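Single-letter residue listing:
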Amino acid sequence: MDVAHSISGSGSKRATEAGWWIEPAFTAAAFTAFVVYSVWEIFFHVQGRYENYLSPYFSPDVAAWLHIHLWPALWVAWVPLLFRATCYYYRREYYRAYFWSPPACAVPDRTRRYVGETRPPMSWTALHRFFLYLSLAVVAFLWVDAVQAFDFRGRFGIGAGSLILLADAGLLSLYTFSCHAFRHLVGGHLDCYSCRGRPRFRYRLWTLVSDLNRRHGLFAWASMFWVWGTDLFVRLLIAGRLHDLRWF
Ligand code: FES
């Protein structure tokens, strides 16, 4: 019985090892599709609002504030896109998917000499914390958009778009506040949380962010697909291909 269990266990382990390419292949397909969609959205559309729904690609509406009509999404979308491109979790994923460096755990590096991010072109990813600061402002605007999504010409209402934009702000908040750089921001630069009567607030905050941080990969994927879906929803409403559901 034990031997049989042991044999079947090693067999499934071998199967798992043999399928190491599935994760990088899925990542490469998903990231490529997302980037292609984002380029299409940013460079081929000038309208990101349908009534009280604003696409996350166009929020905040910097282009309208500045009266710019060329690629309005570009003026803000570069912040969340570069925030994702420099994310520690995404870096691990796209290093595996695109550079095969290494392609998976226990699979040898396919590049000649690993230099990591110690030199250009990848050393720029060290700017991640600065994109975090900018993304915190973007998340605040997304919450404003989520609230406005319940405001139908001055009257409270709930439509499908209201709930979609609310979930979008929630998932992007989870992704942003579970960031490794944010964890360092709230809990870093301290040798001791309780020394010299320091308030415990930062420790509690750091504990909370650490809990979120454990699910950062999940939030990264969920928020990416949700942003994508939210934008597509608004895009289809603008094009008249979809009608919003209203409950109130
Ligand atoms: Fe992923 Fe900062 S580490 S967003």
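If you're wondering where the values come from, they're calculated on a predicted model, not measured in any experiment.

Asks: What should I look at first to understand the overall build of the chain in this one?
Replies: For the chain, the count of helices and strands is 10 helices and four strands. Along the chain, helices (α) and strands (β) appear in the sequence α-α-β-β-α-α-α-α-β-β-α-α-α-α when read from the amino end. Within the chain, the proportion of its 248 residues that are buried is 40%. Pairs at least 24 apart in sequence give 70% of the contacts found in the chain among residues at least 6 apart. For the chain, the exposed surface amounts to about 14,700 Å²; the carbon and sulfur share of it is 67%.

Asks: Quick question: what am I supposed to make of a nonpolar patch on the surface here?
Replies: A cluster of nonpolar side chains, contributed by Val35, Val39, Trp40, Phe43, Phe44, Leu70 and Trp71, occupies part of the molecular surface with about 690 Å² of accessible area. By secondary structure assignment, the location of Val35 is in helix H2 (residues 22-44).

Asks: Whenever I open this one, the packing of helix H8 (residues 180-187) against helix H9 (residues 201-213) confuses me. Can you help?
Replies: Two quantities define a packed helix pair, namely the angle between the axes and the distance from one axis to the other. Look at H8 against H9: their axes get within 9 Å of each other, and the N-to-C directions meet at 170°. Here H8 lies roughly antiparallel to H9, going by the angle between them. Judged by residue contacts, His180, Phe182, Arg183, Leu185, Val186 and Gly187 of H8 engage Arg202, Leu205, Trp206, Val209, Ser210 and Asn213 from H9. For the contact of H8 with H9, a count of residues per class yields six nonpolar, four polar and two charged.

Asks: I would appreciate a short explanation of the nonpolar core in the present structure.
Replies: As a rule of thumb, soluble globular proteins bury nonpolar side chains together. Core analysis: the largest hydrophobic core is formed by 39 residues, its most contacted members being Tyr57, Tyr90, Tyr175 and Met224. The set of elements that each furnish at least two residues to this core consists of H2, helix H4 (74-85), helix H5 (88-99), helix H6 (128-148), helix H7 (160-177), H8 and helix H10 (216-238). Top element by residues in this core is H10. It accounts for six residues. When residues no more than four places from it in sequence are discounted, the contact partners of Met224 are Ala30, Phe31, Phe34, Arg84 and Tyr90. Core analysis: the next-biggest nonpolar cluster, separate from the first, contains nine residues, Ala160, Ile164, Val234 and Leu237 among them.

Asks: Got a minute to help me understand the packing of aromatic side chains in this structure?
Replies: Evaluated as defined, the whole model comprises 24 aromatic pairs. Both rings, one in Trp221 and one in Phe225, keep their centres 5.9 Å apart while their planes meet at 20°; by these two values the pair is stacked. Of this pair, Trp221 and Phe225 both sit in helix H10, separated by four residues, roughly a single helical turn. Residue classification places Phe225 among the partly exposed residues on the basis of a relative accessible area of 36%. Its end group placed over the ring of Tyr88, Arg91 keeps NZ or CZ at 4.7 Å from the ring centre. Above the face of the Phe152 ring, Arg246 is positioned so that its terminal group lies 3.8 Å from the ring centre.

Asks: For this particular structure, what's the right way to read H10?
Replies: Side chains that are three or four residues apart share a direction in an α-helix, a result of its 3.6 residues per turn. Here H10 spans 33 Å end to end across 23 residues, near enough to the 33 Å set by a 1.5 Å rise per residue. The positive-phi residue at the C-terminal boundary of H10 is Gly240, with phi of around 75°.

Asks: Would you take a moment to explain the side chain of Glu41 for this structure?
Replies: One can find Glu41 in helix H2. Judged by relative accessible area, which is 0%, Glu41 ranks as buried. Side chain to side chain, Glu41 and His45 meet in a polar contact 3.4 Å long. Those residues in contact with Glu41 that lie beyond four places of it in its chain are Tyr57, Phe58, Asp231 and Arg235.

What counts, and at which threshold
Residues numbered from 1 in each chain as written. Predicted model: local features only at pLDDT ≥ 70, side-chain atom pairs only at ≥ 80, totals over all residues. Heavy atoms only, no water. Helix = DSSP H or I, 4+ residues; strand = E, 2+ residues; numbered from the N terminus. Buried < 20%, exposed > 50% of the residue type's maximum accessible area, 1.4 Å probe, protein only. Contact = heavy atoms within 4.5 Å. Areas by Shrake-Rupley, 256 points an atom, 1.4 Å probe, with all protein chains shown as cover. Patch = residues over 30% accessible without salt bridge, like charges linked within 9 Å, V, L, I, M, F, W, Y side chains within 5 Å. Salt bridge = Lys/Arg side-chain N within 4 Å of Asp/Glu carboxyl O. Axes fitted to C-alpha atoms, helices over the stretch in contact; angles between N-to-C directions. Parallel < 35°, antiparallel > 145°, perpendicular 65-115°, else oblique. Nonpolar A, V, L, I, M, F, W, Y, C, P; charged D, E, K, R; others polar. Core = buried A, V, L, I, M, F, W, Y, C linked by side-chain atoms within 4.5 Å. Phe/Tyr/Trp six-rings, centres within 6.5 Å; stacked < 30°, edge-to-face > 60°. Lys NZ or Arg CZ within 6 Å of the ring centre and 35° of its normal. Expected span 1.5 Å × (residues − 1). Polar contact = N/O pair within 3.5 Å; in protein donor to acceptor, adjacent residues only side chain to side chain.

By themselves, these are just geometric observations and shouldn't be taken as functional.
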